[in-house]
Amino acid sequence: MFLLKELPSDAIMSAYASRYSEMDKPATRRALETLQHASFLLRDLEQLFSRHGLSQTRFLILIVLEREGGRLTGPEIRERIDISRPVLTTTLKGLKREGYIGIGAVEGDARALEAVLLDAGRAKLAELLPEYFSITSRAGREMQTG
């Protein structure tokens, strides 16, 4: 998270730019604004996920399963989401316990397991996605104009 609520003034940015030749003032300003917008967006999304009993990781697993046809192995999920194997394992167990996914053997490979999106997981996404898209659309518009 980028927790800076107020960005540096133009005078402060100019002072740094005069001391550090590596600083491109307009580019740095854009980067800081992007970090600030992203932090506000992440905060809003974390609040949304929390109200729905999810985390960002749980949401991402559900949404990736939905977009990929409802079935993925652990390694396939990790190809799409940047999380460690232990975090994935723990999160999948929680999603299974809550009835959002099933976990079963991969056809043709008894040792491999895959996560399967269940109706409850699809319903959770359907419940959450309208507000998710409202939040992300608003943030995108603010970033365009801001």
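The structure this text deals with has already been given above.
Residues numbered from 1 in each chain as written. Predicted model: local features only at pLDDT ≥ 70, side-chain atom pairs only at ≥ 80, totals over all residues. Heavy atoms only, no water.

Draft legend 1. Molecular detail of the side chain of H52. When you line up the elements, H52 lands in the loop between helix 2 (25-51) and helix 3 (56-67). Judged by relative accessible area, H52 falls into the buried class, the value being 13%. Within the structure, H52 has its side chain in polar contact with the side chain of E127 (distance 2.8 Å). When residues no more than four places from it in sequence are discounted, the contact partners of H52 are K124, E127, L128 and E131. (Helix = DSSP H or I, 4+ residues; strand = E, 2+ residues; numbered from the N terminus. Buried < 20%, exposed > 50% of the residue type's maximum accessible area, 1.4 Å probe, protein only. Polar contact = N/O pair within 3.5 Å; in protein donor to acceptor, adjacent residues only side chain to side chain. Contact = heavy atoms within 4.5 Å.)

Draft legend 2. Broad picture of the packing of helix 3 against helix 6 (residues 119-145). Contact pair helix 3 / helix 6: the axes reach a minimum separation of 11 Å and the direction vectors enclose 105 degrees. Comparing the axis directions of helix 3 and helix 6 gives the class roughly perpendicular. Contacts between helix 3 and helix 6 involve F59, L62, I63 and E66 from the first element and G121, R122, L125, L128, L129 and Y132 from the second. Counted by class, the contact of helix 3 with helix 6 contains seven nonpolar, one polar and two charged residues. (Axes fitted to C-alpha atoms, helices over the stretch in contact; angles between N-to-C directions. Parallel < 35°, antiparallel > 145°, perpendicular 65-115°, else oblique. Nonpolar A, V, L, I, M, F, W, Y, C, P; charged D, E, K, R; others polar.)

Draft legend 3. Highlighting the environment of E6. Within the secondary structure layout, E6 lies in the segment before helix 1 (10-19). For the pair E6 and Q36, spaced 30 residues apart in sequence, the C-alpha to C-alpha distance is 8.9 Å.

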